[in-house]
Amino acid sequence: MNGYIMSKLRLVTVEPVLFLYMMIIYLEINALQEVIFVKSCIKLNHPENISDCSYALKQNMTLAVTQEATNWSKYNNMVLFFFTFISSFYVGSWSDRLGRKLPMLVPLIGTCIASTINALLSYFFDAHLAYFFISSFFSGITFGTVGIVSSTYGYISDYTHEQSRTKRIVILESMIFSGAMVGTYVSGAILSHVRYDAVLNNFVQLFMFEGAVSAIIAVYVVFRIPNSDDPKWQGPLTFSGLFSLKHVVDSLRTVFRAREMGKRKKVLLMLVALFACNLGTVVQTYLGYYYVKTQLGWSFANYTNFYSVQLGVEGFALLIFLPFLLHFFHVSDYIVIALGLISRISSFAVFGLSTKDYMVWSCAAICIFSEFPVPAFRSMLSKTVGPDEKGRIFAFTTVLMNICFLLGSFVLMTLFNLLDFRGFCFVMVAAIQGISLLILVYLYFTRKTSITNSETTENDDGSVSEITSPLTDSDSIS
């Protein structure tokens, strides 16, 4: 029995990395929203004591404070995602050529730096909101979530068979939501009663905790995660080589180069579907709190309780229910994705039309399957591209997510402030999920030629040769 348990524990590698990293990222996301809200309140109301910017005061100044806070959140997100977008073109190529370890470590170092800056800005409450751009710069330029996601997913793809890959990716995907759930709940608990008169207020303590956990993850990666046994880097490791534009070209070529049997079109369509799915994450992450605060008068603690329950439901479905369906009923990815998209459409529509607390809470149940599409699409992509392209394709999916966050947060927050119907953004995103559903239908009816295993080699002249071997229909799905 002990031997069986130990054999299973040895399978655990990058899952704790993704879980803990997503936990501290959601700690940071939720804390930044609240600290920006408080600083906006201070800026507009000029209270004698910082503690005067209590929830009751903010409730009396909801419209002005909300608009000020959403604007600064929008600008901060733009800085973060712009620099993440720039750096992300390198991380995928580094991951494929140097191994998965370095791209895991760089974001953790950046998080330590950014959390230190955020802690200082939370200690000095009179510091201008624009200084948060500095921490966003460090988070973005050190790859951020792109580095962690692409390297962990690439690692799993390297060390799993195709038959079991979907299940392992599902488990890895569940780490995102379980980590997000814990991070959201912990941030709500820490910030439910902020003591501004303490030597180190709750915001400072939270960001210090984030930095400490990031350092612990880095130590785990150094001692637990092996590097690639067959690195594909050619020549000496130099600064010019690391930051060569060749890495950008490699990343773009992985997505847009011609492929046999119409696979390029299928890859592009799956990326479009993922982009539409990511818009749902954007609207929930950056507008969910502001919506229930302005429309229903919820406190930050109320919202984090709801959001942690929602993330817990989604994580449970990914970690327990979906593997159960795949193992015992051999449900195809098409059915899994369809369930998820229907769940997403319904939950976003109901949330955007909510006028009572119970309507919002019902979304926690409706969205139970809402994260099924993402791991299924990622698994299909990993089976479509060559073994030496997995890091780049996973990095590009995260690049796509950051583009979505950059443009989506700007557009959606702007619409949120301009329109009287505050739920419009949620209803619009619900409709956009229908694009993914249409793509799914197309992929289903062309599935016999959509997924093949391929190996690519780069010739001396820079051209790419591809050797393909078709998979069975069942292999291409699950």
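Above this text sits the structure in question.
Calculation rules
- In this numbering scheme, every chain counts its residues from 1 along its sequence in written order.
- In keeping with the model being predicted, local features are shown solely for residues with a pLDDT of at least 70 and side-chain atom pairs are shown and tallied solely at 80 or more, while totals for entire chains, interfaces and linings include all residues.
- Just so you know, side-chain values use all the structure's heavy atoms and leave hydrogens and water out.
- Helix and strand definitions follow DSSP, with helices as H or I runs of at least four residues and strands as E runs of at least two, each counted in order from the N terminus.
- A simple rule labels every residue: compare its accessible area, found with a 1.4 Å probe on the protein chains alone, to the largest value its type can have, and call it buried under 20%, exposed over 50%, or partly exposed in between.
- Pairs of N or O atoms are called polar contacts if they sit within 3.5 Å, as long as, within protein, a hydrogen donor faces a hydrogen acceptor (for residues adjacent in sequence, only side-chain-to-side-chain pairs).
- Should any heavy atoms of two residues lie within 4.5 Å, those residues are considered in contact.
- Here the arc refers to the set of directions running from the helix axis out to each C-beta atom.
- What is meant by a nonpolar core is a set of buried Ala, Val, Leu, Ile, Met, Phe, Trp, Tyr and Cys residues, joined one to another through side-chain atoms within 4.5 Å.
- Angles run from 0 to 180 degrees between N-to-C directions of axes, and those axes are lines fitted to C-alpha atoms, restricted for helices to the stretch in contact.
- Put simply, angles under 35 degrees are roughly parallel, angles over 145 are roughly antiparallel, angles from 65 to 115 are roughly perpendicular, and the rest are oblique.
- By convention the crossing between two helices is left-handed if the near helix lies anticlockwise of the far one by an angle smaller than a right angle, and right-handed if it lies clockwise.
- The classification used treats Ala, Val, Leu, Ile, Met, Phe, Trp, Tyr, Cys and Pro as nonpolar, Asp, Glu, Lys and Arg as charged, and all other residues, Gly among them, as polar.
- Here the aromatic set is Phe, Tyr and Trp, taking the six-membered ring for Trp, and pairing holds for ring centres within 6.5 Å; pairs whose planes are under 30 degrees apart are stacked, those over 60 apart are edge-to-face, and all others are tilted.

> Would you take a moment to explain the side chain of T152 for this structure?
Among the structural elements, T152 can be located in helix α7 (residues 145-158). Among the residues examined, T152 registers a relative accessible area of 0% and is labelled buried. At 3.1 Å, the side chain of T152 and the backbone oxygen of V149 are in polar contact. Beyond its immediate sequence surroundings of up to four residues, T152 is in contact with V14, V17, L18, M104 and L172.

> When you look at helix α15 (residues 357-366) in this model, what are you seeing that I'm missing?
Given 3.6 residues per turn, any residue in an α-helix points the same way as the ones three and four places further on. For α15, every residue scored as buried is listed here: M359, V360, C363 and A364. The buried residues of α15 occupy an angular sector of 165 degrees when the element is viewed end-on, so they sit on one face. Of the exposed residues in α15, the ones pointing more than 90 degrees away from its buried face are Y358 and A365. The inward-facing, buried residues of α15 contact α12 (263-296), α13 (300-329) and α14 (333-352).

> What am I meant to see in the nonpolar core here?
Among soluble globular proteins, nonpolar side chains are generally buried collectively. Within the largest apolar cluster, 121 residues are counted, with the highest numbers of intra-cluster contacts made by L18, F203 and F306. It is helix α2 (residues 15-45) that contributes the most residues to this core, 18 residues altogether. Among residues more than four places away in sequence, those in contact with F306 are Q284, W298, F351, V360, W361, C363 and A364. W94, V106, F143 and A395 belong to the second largest nonpolar core, which has ten residues in total.

> What is the right way to read the packing of α2 against α7 from this model?
For any two helices packed against each other, one specifies the inter-axial angle together with the distance between the axes. Where α2 contacts α7, the two axes come as close as 10 Å, and the packing angle between them is 160 degrees. Taken together, the axes of α2 and α7 lie roughly antiparallel to each other. Judged by the sense of rotation from one axis to the other, the crossing of α2 with α7 is left-handed. Judged by residue contacts, E15, V17, L18, Y21 and I25 of α2 engage T145, I148, V149, T152, Y153 and I156 from α7. Of the residues in the contact of α2 with α7, the class split is eight nonpolar, two polar and one charged.

> How do you make sense of the packing of aromatic side chains when you look at a structure like this?
Ring pairs (aromatic) are described by centroid distance and by the angle formed between their planes. Going through the model one piece at a time under the given rule, you end up with 28 aromatic pairs. Ring centres of F125 and F203 lie 6.0 Å apart, and the angle between their planes is 70 degrees; on these two criteria the pair is classed as edge-to-face. Taken together, the residues span a long stretch of sequence, with F125 in the loop between α5 (101-123) and α6 (132-141) and F203 in helix α9 (residues 202-224) at a distance of 78 residues. Taken as a pair, F125 and F203 share a single burial class, namely buried. Ring centres of F351 and F426 lie 4.8 Å apart, and the angle between their planes is 45 degrees; on these two criteria the pair is classed as tilted. One end of the pair, F351, is in helix α14; the other, F426, is in helix α18 (residues 424-445), with 75 residues separating them in the sequence. Each member of the pair, F351 together with F426, is buried.

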